[in-house]
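Each chain is listed here by its residues.
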Amino acid sequence: MMRVEIFRTFVNNEQQARKICEILNSQLENSKVNFDLDDCDKVLRVESPEIDINKIRWIMENLGYSCDLIPGSL
């Protein structure tokens, strides 16, 4: 069963989003990662059987971006 977590970010453009998705997908096994930059929260969506929120935050911070979990994710 897949879990989904949604994060608010400050990623501003498609180039940044593509780079982050590539890195997260390589670091998070069996995950699908994407952004919705049209959303006011610049949403990062992570879908995976197991989601390590702290690892996602750590990776994002090491890439120079903050992210906050949006409560009520699926």
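Residues numbered from 1 in each chain as written. Predicted model: local features only at pLDDT ≥ 70, side-chain atom pairs only at ≥ 80, totals over all residues. Heavy atoms only, no water.

The number of helices and strands found in the protein chain is two helices and four strands. Its helices and strands taken in sequence order, the protein chain reads β-α-β-β-α-β from the N to the C terminus. By the compact-globule yardstick of 11 Å for 74 residues, the protein chain fits well, its C-alpha radius of gyration being 11 Å. Per-residue burial over the protein chain gives 38% buried out of 74 residues. For the protein chain, the proportion of contacts with a sequence separation of at least 24, taken over those separated by at least 6, is 64%. Of the roughly 4,800 Å² that the protein chain leaves accessible, carbon and sulfur atoms contribute 46%. Of note, the protein chain has its 9 positive side-chain charges centred 1 Å away from the centre of its 13 negative side-chain charges. (Helix = DSSP H or I, 4+ residues; strand = E, 2+ residues; numbered from the N terminus. Rg over C-alpha atoms; globule rule 2.2 N^0.38 Å. Buried < 20%, exposed > 50% of the residue type's maximum accessible area, 1.4 Å probe, protein only. Contact = heavy atoms within 4.5 Å. Areas by Shrake-Rupley, 256 points an atom, 1.4 Å probe, with all protein chains shown as cover. Lys, Arg positive; Asp, Glu negative; His and termini not counted. Charge placed at Lys NZ, Arg CZ, Asp CG, Glu CD.)

What follows is about the pattern of salt bridges. This structure, assessed with the given rule, holds three salt bridges. Here Asp41 ties to Arg8 by a salt bridge, and the two come within 3.1 Å at their closest N and O atoms. Taken together, the positions of Asp41 in the loop between strand S2 (32–36) and strand S3 (43–48) and Arg8 in strand S1 (residues 3–9) put the pair 33 residues apart, joining distant regions of the chain. Looking at Arg8, the relative accessible area reads 29%, which means it is partly exposed. Between Arg45 and Glu47 there is a salt bridge, with its nearest N and O atoms 3.2 Å apart. (Salt bridge = Lys/Arg side-chain N within 4 Å of Asp/Glu carboxyl O.)

Moving on, we come to unusual backbone geometry. Of note in this structure, Asn30 is not a glycine but carries a positive phi near 60°. The residue Asn30 is located in the loop between helix H1 (14–27) and S2 in this model. With a phi close to 50°, Lys42 is a non-glycine residue in the positive phi region. Checked against the element boundaries, Lys42 lands in the loop between S2 and S3. Classification of Lys42 as partly exposed rests on a relative accessible area of 24%.

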